[in-house]
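Examining the three-dimensional arrangement
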Amino acid sequence: IDEAVNEATTKSEVKPISVDGQSVVSVPIELRGEVFGALTMQDNADRQWTEDELATLQAVAAQVAQSLEAARLLQESEVSLQETMGLYQASRGIAAAQTPAEVLQSISDSIISPAIDRIVLALIIPDSPKDNLTAEVAAAWERGVETPSVISNRWAAAQIPLIGSQLVEPLIANDVATATNLDPVSRHVFANVIKI
């Protein structure tokens, strides 16, 4: 069976084989020219598969591919809808918010996944000089805490290099503790911002 599946998935063709007196045929399951599986049939007798049987198996494999693709698209649509609803809810909450803590509460209520442990809302102080920007951690949320904390700690961009770089492009760090794209000072501040 492994040989038949390998034959189908690597060569995208239907080729019945005989294995220990049994007849095995494997049909590639492909969509848009990409093979992502095989439909394998086995008969305990050593027999020849007819052209009609092979054509039927190929038609069934094509239907399996279409069904799997439809299920994948439905799942993607459901995920996208949930993300859109989360963003919509967050937008409504943010529009109604009157304080940074309320903004953060809206975000944490609407779009937090189980994988997120902390959110920090840092705002650039509008009247800080362009050559010496100052940021204020206006609020912070941590998993297990219902209401965001109002922090109000201020840092100059020169103290925390991350502040300056985030004005140019987003920064993604999968693990704040070990991320190589975070400088030591930024790592310490954002890992401990709620405790500071």
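Residues numbered from 1 in each chain as written. Predicted model: local features only at pLDDT ≥ 70, side-chain atom pairs only at ≥ 80, totals over all residues. Heavy atoms only, no water.

As for the overall build of the chain
Along the chain, the regular secondary structure elements total 5 helices and 6 strands. Looking at the 196 residues of the chain, the share that counts as buried comes to 28%. Residue pairs in contact within the chain that sit at least 24 positions apart in sequence constitute 39% of those at least 6 positions apart. Put simply, the chain shows about 12,700 Å² of open surface, and 53% of that area lies on carbon and sulfur atoms. (Helix = DSSP H or I, 4+ residues; strand = E, 2+ residues; numbered from the N terminus. Buried < 20%, exposed > 50% of the residue type's maximum accessible area, 1.4 Å probe, protein only. Contact = heavy atoms within 4.5 Å. Areas by Shrake-Rupley, 256 points an atom, 1.4 Å probe, with all protein chains shown as cover.)

A short note on the environment of Q63
Turning to its location among the elements, Q63 is positioned in helix α2 (residues 51-96). C-alpha separation for the pair Q63 and E30, spaced 33 residues apart in sequence, amounts to 10.0 Å.

Comments concerning the pairing of strand β2 (residues 22-31)
Working note: regular strand, side chains alternate between the two faces of the sheet. Counting buried residues along β2, 8 of its 10 residues qualify, which places the element largely inside the surrounding structure. The pairing of β2 with strand β3 (residues 34-43) spans 9 bridges and is antiparallel. Across the sheet, residue L31 finds its bridge partner in β3, namely E34. (Pairing = 2+ DSSP bridges.)

Thoughts on the environment of V24
With respect to the element layout, V24 can be found in strand β2. Spatially, the C-alpha atoms of V24 and M41 are 5.8 Å apart, while their sequence positions differ by 17 residues.

What about the side chain of S128?
Here S128 is to be found in the loop between β4 (118-124) and β5 (134-142). Owing to a relative accessible area of 10%, S128 belongs among the buried residues under this scheme. A distance of 2.8 Å separates a polar atom in the side chain of S128 from the backbone oxygen of I125. One polar contact links the side chain of S128 to the main-chain amide nitrogen of T134, over a distance of 3.2 Å. Beyond its immediate sequence surroundings of up to four residues, S128 is in contact with L133 and T134. (Polar contact = N/O pair within 3.5 Å; in protein donor to acceptor, adjacent residues only side chain to side chain.)

Focus: the pattern of salt bridges
Two side chains bearing opposite charge may form a pair once their charged atoms approach each other closely. One pass over the structure, following the stated rule, counts 3 salt bridges. Taking the shortest distance from any N to any O, the salt bridge between E69 and R72 comes out at 2.7 Å. Note that E69 and R72 are positioned in helix α2 at a spacing of 3 residues, about one turn of the helix. When its relative accessible area of 32% is taken as the criterion, R72 is described as partly exposed. (Salt bridge = Lys/Arg side-chain N within 4 Å of Asp/Glu carboxyl O.)

Some points on a nonpolar patch on the surface
On the surface, a nonpolar cluster with roughly 320 Å² of combined accessible area is contributed by L81, M85 and Y88. One can find M85 in helix α2. Here M85 falls in the partly exposed class, since its relative accessible area comes to 41%. (Patch = residues over 30% accessible without salt bridge, like charges linked within 9 Å, V, L, I, M, F, W, Y side chains within 5 Å.)

Brief notes about the nonpolar core
Ranked by size, the top nonpolar core spans 9 residues in total: V25, V27, I29, L31, W49, L54, L57, A61 and A65. If you list the elements that add at least two residues to this core, you get β2 and α2. Membership of the second largest hydrophobic core comes to 7 residues, among which are L104, I119, A139 and W141. (Core = buried A, V, L, I, M, F, W, Y, C linked by side-chain atoms within 4.5 Å.)

Remarks on α2
What sets the pattern is the α-helix's 3.6 residues per turn: residues three or four places apart point alike. Between its first and last C-alpha, α2 extends 67 Å over 46 residues, near the 68 Å set by a 1.5 Å rise per residue. Residues of α2 that are buried include every one of L54, L57, A61, A65, E69, G86 and A90, and no others. (Expected span 1.5 Å × (residues − 1).)

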